[in-house]
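Letter by letter, the chains look like this.
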Amino acid sequence: MGLKSDWTKTGFATRAIHGGQEPDPSTGAIMTPIFQTSTFVQESPGVFKGYEYSRTSNPTRVALEGNLASIEGAKYARAFASGSAATAAILGCLDPGDHVLCGDDVYGGSFRLMDKVYRRFGLEFSYVDQTDLAAVKAAIRPNTKLCWIETPTNPTLKVADIEEICSLCNAAGVASVVDNTFATPFLQLPLSLGATMVAHSTTKYLGGHSDVVGGAVITNDEEWMERVQFILNCMGGNPGPQDCFLTMRGIKTLHVRMDRHCDNAEKCAAFLESHPGVSKVIYPGLASHPQHDIAAKQMKRFGGMISFHVVGGLEAARRFLESVQVFSLAESLGGVESLIEHPAIMTHASVPAEAREALGIHDDFIRLSVGIEEASDLIEDLEQALAKAKG
Ligand code: P1T
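Note that the structure is predicted; figures quoted are calculated from it, not measured. Counting starts from 1 at the beginning of each chain's written sequence and moves along it residue by residue. Selection of residues for local features in this predicted model requires a pLDDT of at least 70, selection of side-chain atom pairs for listing and counting requires 80 or more, and totals for whole chains, interfaces and linings are taken over all residues. Computation of side-chain values: all heavy atoms of the structure, hydrogens and water removed.

A. Looking closely at the overall build of the chain. The number of helices and strands found in the chain is 14 helices and 12 strands. Its C-alpha atoms give the chain principal-axis dimensions of roughly 75 × 50 × 35 Å. Relative to its 391 residues, the chain shows a buried fraction of 56%. A separation of at least 24 residues holds for 71% of the contacts in the chain among residues at least 6 apart in sequence. Surface accessibility of the chain: about 16100 Å² in total, with carbon and sulfur atoms responsible for 55%. Counting from the N terminus, the helices are the DSSP runs of H or I reaching at least four residues and the strands are the DSSP runs of E reaching at least two. Throughout this description, buried means an accessible area under 20% of the type-specific maximum (1.4 Å probe, protein chains only), exposed means over 50%, and partly exposed covers the range between. We call two residues contacting when some pair of their heavy atoms lies within 4.5 Å. With residues, only the protein chains shown are counted as cover, and all accessible areas are computed by Shrake-Rupley using a 1.4 Å probe.

B. Quick look at the packing of helix H3 (residues 83–91) against helix H4 (residues 108–117). A fitted line through C-alpha atoms represents every axis, and for helices the fit uses only the stretch in contact; the resulting angles, taken between N-to-C directions, go from 0 to 180 degrees. Taken N-terminus to C-terminus, the directions of H3 and H4 make an angle of 35°; their axes are 10 Å apart at the nearest point. Read as a crossing pair, H3 and H4 show a hand that is right-handed. Residues Ser84, Thr87, Ala88 and Leu91 of H3 pack against Ser110, Leu113 and Met114 of H4. When the near helix sits turned anticlockwise from the far one by under a right angle, the crossing is termed left-handed; a clockwise turn instead gives a right-handed crossing.

C. The arrangement of the site of the ligand in detail. Residues are counted as near a molecule or strand when any one of their heavy atoms sits within 4 Å of it. Not every one of the 19 residues close to the ligand is listed here, only the nearest: Ser84, Asp179, Thr203, Ser332 and Arg367. What qualifies as a polar contact is a pair of N or O atoms within 3.5 Å, subject to a donor-acceptor requirement within protein and to the restriction that residues adjacent in sequence count only when both atoms come from side chains. In this structure, Ser201 approaches the ligand through a side-chain N or O atom, which is 2.9 Å from an oxygen atom. For the ligand, whose unbound accessible area comes to 470 Å², protein coverage reaches 93%. Each residue gets one label: Ala, Val, Leu, Ile, Met, Phe, Trp, Tyr, Cys and Pro are nonpolar, Asp, Glu, Lys and Arg are charged, and the others, such as Gly, are polar. Among the residues forming the shell around the ligand, the class breakdown is four nonpolar, 10 polar and five charged. Just so you know, the domain bounds were taken from an automatic or database domain assignment. Lining the shell around the ligand are residues from two domains, each supplying at least three of them: domain 1 (5–251) and domain 2 (255–389).

D. Inspection of helix H14 (residues 375–389) at higher detail. Helix length check: H14, at 15 residues, gives a terminal C-alpha distance of 21 Å against a target of 21 Å (1.5 Å per residue), a fit within 8%. Along H14, the residues that are buried comprise Ala375, Leu378, Ile379, Asp381, Leu382, Ala385, Leu386 and Ala389. Mapping the buried residues of H14 onto a view down its axis gives an arc of 155°, with all of them on the same face. Exposed residues lying more than 90 degrees from the buried face of H14 are Glu380 and Ala387. The inward-facing, buried residues of H14 abut helix H10 (254–273), strand E8 (278–282), strand E9 (305–310), helix H12 (313–323) and strand E12 (365–369). A positive phi of about 80° marks Gly391, the residue just after H14. One fewer than the residue count of a helix, multiplied by 1.5 Å, yields its expected span. To be clear, the arc concerns the directions from the helix axis to the C-beta atoms.

E. Molecular detail of the pattern of salt bridges. Salt bridge, as applied in this entry: a Lys or Arg side-chain nitrogen positioned within 4 Å of an Asp or Glu carboxyl oxygen. For the coordinates displayed, the defined rule picks out 13 salt bridges. The salt bridge partner of Arg301 is Glu266, with a shortest N-O separation of 3.1 Å. Of the two residues, Arg301 is situated in the loop between helix H11 (292–298) and E9 and Glu266 in helix H10; the sequence distance between them amounts to 35 residues. By relative accessible area, which is 17% here, Arg301 ends up buried. The network of salt bridges with common partners includes Asp259, Asp263, Glu266 and Arg301.

F. Quick look at the domain arrangement of the chain. Segmentation of the chain into domains returns domain 1 (5–251) and domain 2 (255–389). Between the C-alpha centres of domain 1 and domain 2 the distance comes to 26 Å. Listed as interface residues are 42 residues of domain 1 and, on the opposing side, 40 residues of domain 2. Both sides of the domain 1 and domain 2 interface together cover about 3200 Å² of buried area, and 63% of this is carbon and sulfur. Linking domain 1 with domain 2 are one salt bridge. One salt bridge in this structure joins Lys297 and Asp161, with 2.7 Å as the shortest N-O distance. At the junction of domain 1 and domain 2, the tally comes to 17 residue pairs in polar contact (both at pLDDT 80 or more). Here the residues of the side of domain 1 that touches domain 2 sort into 21 nonpolar, 14 polar and seven charged. Throughout, buried area stands for the accessible area (probe radius 1.4 Å) lost by two parts on being put together, summed over both.

G. The arrangement of the nonpolar core in detail. Working definition of a nonpolar core: buried Ala, Val, Leu, Ile, Met, Phe, Trp, Tyr and Cys residues. They are joined through side-chain atoms within 4.5 Å. Residues Leu68, Leu272, Ile306, Phe308, Phe320, Ile366 and Leu368 are the most contacted members of the largest nonpolar core, which totals 82 residues. No other element matches the eight residues that H10 contributes to this core. The two domains that each donate at least three residues to this core are domain 1 (5–251) and domain 2 (255–389). For Ile306, the residues in contact, after removing those within four places along its chain, are Leu157, Ala265, Cys268, Ala269, Leu272, Val281, Ile282, Tyr283, Ile366, Arg367, Leu368 and Val370. Ranked by size, the runner-up nonpolar core spans 31 residues in total, among them Ala89, Val100, Met114 and Val351.

Below, the structure written as structure tokens:
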């Protein structure tokens, strides 16, 4: 196992609980204190104990960053105030004229950041179906600097082959980022498959309790980490210490929660697939999923997210969403409680209607974040809401 502070040789669960953290040397407190301070006293100008100002760094944040690096099997991590701040920091490392090859189905806010903000600063973007490797290869241009991969995608749960895409990128000298929010490092380790960086909305499964917003960038590449730290410090996307503490507390149970999310999602997906009120179910764990084999190759299990089409269009979808009792109608995902939402009206409203239609994000399309309640209660809830959806 090595040194007490060297958790690299331990299993995932041990790293989730201990990685990046040591008992507080002054008190023995087992939990990393919340260093609620903006600044740090210096002995003499420029002589300090490693911390000068909390935008630049903070001990609670450093513990979280060590933990995040540890669970993704990486050397470096930087924590952010949100997943969007992490995305913004990575894109902020690029120069005008650089091209980004992005998947055609990503979180609506990531698309909005690219299309409505960074495009104005001269970055070029193309949006490609990353389940089609020939299309990915053809989309690489001489000025392509970054490939943005979200897998499974939000909300249509397409699965991109990380190893194949990263191998194309690495051969072309293009850096790659995998947004690992939906899978989490418990199920999928993109850096081990050739990705340059991993991005997260830690708001979701890593935090796990719907009580904190956060993000992260994780990598083994020192140059990228320096660039990201520079942007973090310049643009101030840093998280507060209390939020870092909550995220770290959440990660300690990630492995236990994820297994239950997967158990419950598998049961809900099978139930929905057998129900006449549902026209199509999308879950990477179902044999009917078009990239099921790729998911089985690169993921340990298939996650807690399910999307489906309800019979009866918008009116049926509305009745269904208004009728659920255990599921809560809300944006976000990855918490212990089950959430349900309508991507076309809610999380992906910023994606142009034509693009949504092309992806199948129609008015009958519903996304579930399956929580860790009793599976039988979740299925009963879906069943009674589907009965109401019928009208
Ligand atoms: O919400 P924030 O912490 O800023 O994270 C943005 C983000 C990035 N990447 C993925 C894959 C995401 O799903 C998100 C946020 N998504 C939602 C809020 C949602 O309901 O889909």
